[in-house]
Amino acid sequence: MNQRFESCSDVRAALPLWAGGDLEPDENQAVQRHLDLCEGCRGSAELADVSRRELVLQLEGSIGKTPDLWSGVRAQLIAEGETSLAPVLAGPGSWMRRAGIGVAAAAAALLVTVPLADRLLPERGVTVPGRAGVGEIADAPSLPGASRPVVAPMGPLAVDPGQAGDLSRRLRPLGPNSAELWRNAEAVSLESLESLRLLSNEVRFGQDSQMRLTGDR
Amino acid sequence: MPETSLARQKRSPDRPGYTSQAMTARQDSAAQSQSEAQPEDRPEAEEAAIDHELVRQAQAGDQEAFGRLVQRHQGRAWRVARGMVPSDEDAQDLAQEAFLRVFRSLERFDFKHDFTTWLYRIVTNLGIDWLRKRRPARSLQAGLEDDEPGYDVEDEAGALPSDALEASETAGEVRDVLRTLAPHFQSALVLRELEGLSCAEIAEIVGATNVTVRWRLHRGRKLFQEEWERRGRTTERLEQPGGGL
């Protein structure tokens, strides 16, 4: 309010703020000057002041002693399981902490699950990627041209690394799609030879080849 | 300008908004200072610095630091909550919910602002939400924008429950009248009259301009006075010994 408080209507309109001490200093001065001269407005000011004081006093009186909020807050946080997590993950750079925690958790998971998988998965005919497990054979995917995918979990087969060359020659199928497969056969690892052997079986079976595998089933 | 002793106390540095822990912390920090005359704003600055440090510690995982924050400011949260909602139970729930929200949002705290401002904002918003959910539907539209001219009290006394009308406690009547006001008016009055905050501080808390806050105070007090006079309580008070100026 920048207007001057010269008229009674202006002054009475300002009384709610005047009663609470919320007028600007110059405004308050102008109102006070008017009140000093106008008995009618002084009466209105008194009413405004009384009602405001009543509001404050009764409001204050109705607010009892502050209860202990911390116990309730803490109990709720514990119930939500947040007390140990949120503060740790919060704060500046928290994304770095999260990333670090995530990496650590992933590493820990790998350390636990890889050895477990190494022990459990072979029983189900599944190889662990990157592991040179003897006699572990992966499920064979379907090949282009094959009528149906053949998933043939094989039993353990001992392979002498020194006999890899003999093995590839022994397992060379006669199917028409085999040439592409065996073109790169010499470049593959010993473990992959086992997978290729299974793949070649699929080609053979898919074309009703007469060749028989030896020592497989 | 008439000013009650209570209002004068509100505007002093050691206003009731400070908890006993805050007083102790301030005394400890000022223990080496032998001067009794401190700048008016220094205690608040020290308190703000203490709060910021506690927030940092809480962000780093110090649960005890967060507990200290709660204990330092639970008085504020309680008073604002209780000033806006009619029952102790609801007010306690509201105040606790405010601190839970503080905890969940700790990492987003902006250190450019005081913790008290942030807490007040959360509590006030929760109070406004609480009031809006429990107000009659026809009164909601009047509470949307408080700077609209022509806003008036939504409910006449005849719409209030009969047991409230018959209430003999003055405090109960005050609350009855307050309940007729829009949530924004109530929150402005509570922050101003109970907490002694300035219009500028309230403006920062509620996200409004200084002018808007002054308008809400003006309308809130005016509407309260009109209803209070309608009930004959103002005249009653004036007739009591020492009831006037």
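Predicted, not measured: the structure shown is a model, and the values here were computed from it.

Engineer: I'm lost on the overall build of chain B in this one. Help?
Structural biologist: Scanning chain B from N- to C-terminus turns up 13 helices and zero strands. Ordered by position from N to C terminus, the α and β elements of chain B give α-α-α-α-α-α-α-α-α-α-α-α-α. For chain B, restricting intrachain contacts to residue pairs at least 6 apart in sequence, the fraction spanning at least 24 positions comes to 68%. Split by element, the accessible area of chain B, about 11500 Å² in all, is 46% carbon and sulfur.

Engineer: Got a minute to help me understand the overall build of chain A in this structure?
Structural biologist: A count of helical and extended segments in chain A gives nine helices and zero strands. N-terminal to C-terminal, the α/β element order of chain A is α-α-α-α-α-α-α-α-α. The burial tally for chain A puts 35% of its 217 residues in the buried class.

Engineer: Just checking my understanding: could you explain the nonpolar core for this structure?
Structural biologist: Looking at soluble globular proteins, one finds that nonpolar side chains tend to be buried together. Judged by nonpolar contacts, the single largest core of 76 residues is most densely connected at W18(A), V31(A), F66(B), V102(B), F115(B), V123(B) and L178(B). For this core, the element with the highest residue contribution is helix 6 (residues 115–133) of chain B, accounting for ten residues. Those residues in contact with F66(B) that sit more than four places away from it in its chain are W70(A), V73(A), L77(A), A58(B), F99(B), V102(B), F103(B) and L106(B).

Engineer: I keep staring at the confidence of the model for chain B and nothing clicks. Help me out?
Structural biologist: Any region with low pLDDT has predicted coordinates that should not be read closely. Residue and element names in this part refer to chain B. Scored by pLDDT, chain B comes out at a mean of 76, with 64% of its residues at no less than 70. Throughout residues 138–159 the model reports pLDDT below 50, and contacts reaching past four residues in sequence, or to other chains, amount to 43 contacts. Reported confidences for the modelled complex are a pTM of 0.59 and an ipTM of 0.70.

Engineer: Is there a simple way to explain the confidence of the model for chain A in this structure?
Structural biologist: Residue and element names in this part refer to chain A. For chain A, per-residue confidence averages 66 on the pLDDT scale, and residues scoring 70 or more make up 38% of the total. Averaged pLDDT values over the elements of chain A bottom out at 45 in helix 5 (residues 86–89) and peak at 96 in helix 1 (residues 8–19). pLDDT under 50 marks residues 85–92. Its contacts with residues more than four places away, or in other chains, come to 22 contacts. The model gives residues 128–161 a pLDDT under 50, and that stretch makes 58 contacts with residues more than four places away or in other chains.

Engineer: Is there a simple way to think about helix 4 (residues 63–84) of chain B in this case?
Structural biologist: A turn of α-helix holds 3.6 residues, and therefore any two residues three or four places apart point the same way. All names here are of chain B. Given a rise of 1.5 Å per residue, 22 residues ought to cover 32 Å, and the 29 Å separating the end C-alpha atoms of helix 4 matches this to within 8%. Remark: the principal bend of helix 4, roughly 55°, maps to H73. Extensive coverage of helix 4 is indicated by the burial of 18 of its 22 residues. At the N-terminal boundary of helix 4, the capping side chain belongs to D62, with an oxygen 3.0 Å from the backbone nitrogen of E64.

Engineer: Explanation requested: the packing of aromatic side chains in the structure shown.
Structural biologist: The relative placement of two aromatic rings is captured by the distance of their centres and the angle of their planes. Residue and element names in this part refer to chain B. One pass over the structure, following the stated rule, counts eight aromatic pairs over all chains. Where F66 meets F103, the ring centres are 5.0 Å apart and the plane angle is 70°; that geometry is what we call edge-to-face. Remark: F103 occurs in helix 5 (residues 88–104) and F66 occurs in helix 4; sequence separation between them is 37 residues. The residues F66 and F103 share a single accessibility class, namely buried. Each member of the aromatic cluster is reached from another via a ring pair, and the members are F109, F111, F115 and W118. When the ring centre of F111 is taken as reference, the NZ or CZ atom of R56 above it lies at 4.4 Å.

Engineer: What am I meant to see in the pattern of salt bridges here?
Structural biologist: Where charged atoms of side chains with opposite charge meet at close range, the side chains can pair. Here the structure, examined in full by the defined rule, presents 20 salt bridges over all chains. Close ionic contact of D22(A) with R192(B) constitutes a salt bridge, the shortest N to O distance being 2.6 Å. Linking D22(A) in the loop between helix 1 and helix 2 (25–37) with R192(B) in helix 10 (residues 183–194), this pair reaches from one chain into another. Judged by relative accessible area, D22(A) falls into the buried class, the value being 6%. On the basis of relative accessible area, R192(B) is assigned to the buried category, the value being 7%. Where R221(B) meets D22(A), a salt bridge forms, and the shortest distance between an N and an O atom there is 2.7 Å. Remark: D22(A) occurs in the loop between helix 1 and helix 2 and R221(B) occurs in helix 12 (residues 210–230); the pair is interchain, linking two chains. Given a relative accessible area of 4%, R221(B) falls into the buried group.

Engineer: Just checking my understanding: could you explain the environment of W215(B) for this structure?
Structural biologist: Here W215(B) lies in helix 12. Note: C-alpha distance between W215(B) and A188(B) (27 residues apart in sequence) is 9.7 Å.

The rules behind these values
- Residues numbered from 1 in each chain as written.
- Chains lettered and ligands numbered in written order.
- Predicted model: local features only at pLDDT ≥ 70, side-chain atom pairs only at ≥ 80, totals over all residues.
- Heavy atoms only, no water.
- Helix = DSSP H or I, 4+ residues; strand = E, 2+ residues; numbered from the N terminus.
- Contact = heavy atoms within 4.5 Å.
- Areas by Shrake-Rupley, 256 points an atom, 1.4 Å probe, with all protein chains shown as cover.
- Buried < 20%, exposed > 50% of the residue type's maximum accessible area, 1.4 Å probe, protein only.
- Core = buried A, V, L, I, M, F, W, Y, C linked by side-chain atoms within 4.5 Å.
- pLDDT = per-residue confidence, 0-100.
- Expected span 1.5 Å × (residues − 1).
- Bend = angle between axes of the 7 residues up to and from the residue.
- Polar contact = N/O pair within 3.5 Å; in protein donor to acceptor, adjacent residues only side chain to side chain.
- Phe/Tyr/Trp six-rings, centres within 6.5 Å; stacked < 30°, edge-to-face > 60°.
- Lys NZ or Arg CZ within 6 Å of the ring centre and 35° of its normal.
- Salt bridge = Lys/Arg side-chain N within 4 Å of Asp/Glu carboxyl O.

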